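# A closer look at the structure
Each chain, letter by letter, is given below.
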Amino acid sequence: CTNFLVTPGASVDGSSFISYSADSHELYGELNYLPAMDFPEGAFYEVIEVDTKKYLGRIPQVKHTFAVVGLMNEHQVSIGETTYGGRKECQETEGILDYGNLMILALQRAKTAREAILVMGELLDNYGYASEGETFSIADPKEVWIMDLIGKGKGEKGAVWVALKVPDGYVSAHANQARIRQFPLKDPENCLYSKDVISFAREKGWFKGKDEEFSFVDTYAPPDFEALRFCEARVWSFFKRVAPSQDMDQYLEYVRGNKNAKPLPPWIKPDKKISVQDMFSYMRDHFEGTEFDLTKDIGAGPFHLPYRWRPLTWEIDGKKYLNERATSTQQTGYSFISQMRKWLPNPIGGIFWFGVDDSNSTVYIPFYAGIKEVAKPYRVGTCNFSSFCWDSAFWVFNFVANWAYSRYEDMIKDIKIVQWELEGKFLANQKNVEEIALKLYKDSPQFAIDYLTKYSNKEAEEVFQRWKKLGEFLIWKYLDGNVRDSQGKVTHPPYPEDWYRRIIKETGDKFLIKE
């Protein structure tokens, strides 16, 4: 998984942004909606682990919970995560709250990002943690936080954690590796942490220095070669794109896998203000223009496919090798960019830009924070991961993407045309849609909510139907390795010249036509 964090002062219009790609080879992409609810005294919340569906236990329910769309609540608080694992001794936990339920509970109970962090900490103290080490992005319209957290291992119930507020005007990122090293010990405005985050490490013999020298990363999640190359490299690529004037190459040795090299900073100031459209682009990164560019090596095949099938590492003649791991990857179940705006009422100000499957070939649809239901193709329960289903946006987007893998360099151009057409329309219409919603909101908030629910779901249904048509078009155009031209005539374009040269280099005169 990959998260990018943008503070209000770093965005074009003062929005907060966090992005999240939920990457798993067995994750079905769908959009969850939880309505606001009231509960009687004595009610319980049943904890079903998000990844395994295993029953973990139950905790007392609060009297009132807030509505949640995906991973954004009705107060525009949103949360993302990436798993880093961390110390093996800390991974065997004995609590009952996994990371997925921890996020949902925080969203159902918190009105601000800061409050969400405190809710998470209190829940973990009371009921314990049941997952590996996680980094969380936690944001609201005013503040953006990054939080590193890990369990305490066998015989210990809670978790240790630290959360830093990203300075306004800056951006941050995390990608399956803990990011927080030293942190201020007496600055509660900008730093929150569990009371035993340092003392617990001392008890275990993992840290012996002064408190102000303590590093969460180096103590609880010291990076190895793979953590740097597969994880920190994605952060580096994002930083390099948002701040091209800054010398990001000073960190190249680090992201190449040298843990003793100069590490990446926790955040940087971007060269220019960032828009939601920029966020779409950053989520579609394959290291283009860098030495890790997935479109350039032989693994990309003749049509420069920027994806590599698993396993991520492989061994030949006793030596271990790797495939690069970029932000945009084939195993994404869903991804989102949450947009939070303090100058608008919450139902209008929060937008959960949601897409299923590969971020490079998805379409980000605006689901507003105040909506009351989700369009059927994206709705939980419409279909599932166990079999292909034409009623599911996840399966239709996978159908298009997987067909495109066969001739990617050509087909992605056709996909991008439709992607830009749809996303461009959403962005062009956004101002008008929200002006209408604001007028309705002044008469009655419910009028605005009904309008935005209808709008979001209508657009989602249109995307779904348009993507079906796109799949049909691509099958017709690229049938059997041929390509139809603009007039529909079948043509037989050759492989790219660089691929023919690789064949000659590999085979010599084997395929040479002799006089």
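Structure shown above.
Residues numbered from 1 in each chain as written. Predicted model: local features only at pLDDT ≥ 70, side-chain atom pairs only at ≥ 80, totals over all residues. Heavy atoms only, no water.

What follows deals with the sheet that holds strand β2 (residues 16-23). As summarised here, the arrangement of the seven strands in space is β16-β14-β1-β2-β19-β20-β21, forming an open sheet in which the pairing is antiparallel. Single-partner strands in this sheet number two, and they are β16 (267-268) and β21 (365-368). Sheet topology places strand β14 (residues 171-174) next to β16; two bridges connect them, and they run antiparallel. Paired with Val171 across the strands is Ile268, a residue of β16. Docked against the sheet, helix α6 (residues 225-242) engages β1 (2-6), β14 and β16, running at close to 155 degrees with respect to β14. (Pairing = 2+ DSSP bridges. Helix = DSSP H or I, 4+ residues; strand = E, 2+ residues; numbered from the N terminus. Contact = heavy atoms within 4.5 Å. Axes fitted to C-alpha atoms, helices over the stretch in contact; angles between N-to-C directions.)

Attention now goes to α6. An ideal rise of 1.5 Å per residue puts 26 Å on 18 residues; α6 measures up with 25 Å between its terminal C-alpha atoms. Maximal helix bending in α6 amounts to about 40 degrees, located at Glu232. The element α6 is largely enclosed, with a buried count of 14 among its 18 residues. (Expected span 1.5 Å × (residues − 1). Bend = angle between axes of the 7 residues up to and from the residue. Buried < 20%, exposed > 50% of the residue type's maximum accessible area, 1.4 Å probe, protein only.)

With that settled, consider the state of the cysteines. As enumerated under the stated definition, the model contains one disulfide in all. Bridging Cys383 to Cys389, the disulfide has an S-S length of 2.0 Å. Cysteine Cys90 is unpaired, with the sulfur of Cys231 as its nearest cysteine sulfur at 18 Å. With no disulfide of its own, Cys231 lies closest to Cys1 among cysteine sulfurs, the gap being 10 Å. Overall, Cys231 belongs to the buried group, its relative accessible area being 8%. (Disulfide = S-S within 2.5 Å.)

Ranked by size, the top nonpolar core spans 154 residues in total, and within it Phe136, Ile138, Tyr220, Phe367, Tyr378 and Trp467 carry the most contacts. Residue contributions to this core peak at nine residues, all from helix α11 (residues 408-443). Residues within four places of Trp467 in sequence aside, it is in contact with Ser361, Val363, Val396, Phe397, Val400, Ile415, Val418, Gln419 and Leu422. Residues Tyr28, Cys383, Phe394 and Trp395 belong to the second largest nonpolar core, which totals five residues. (Core = buried A, V, L, I, M, F, W, Y, C linked by side-chain atoms within 4.5 Å.)

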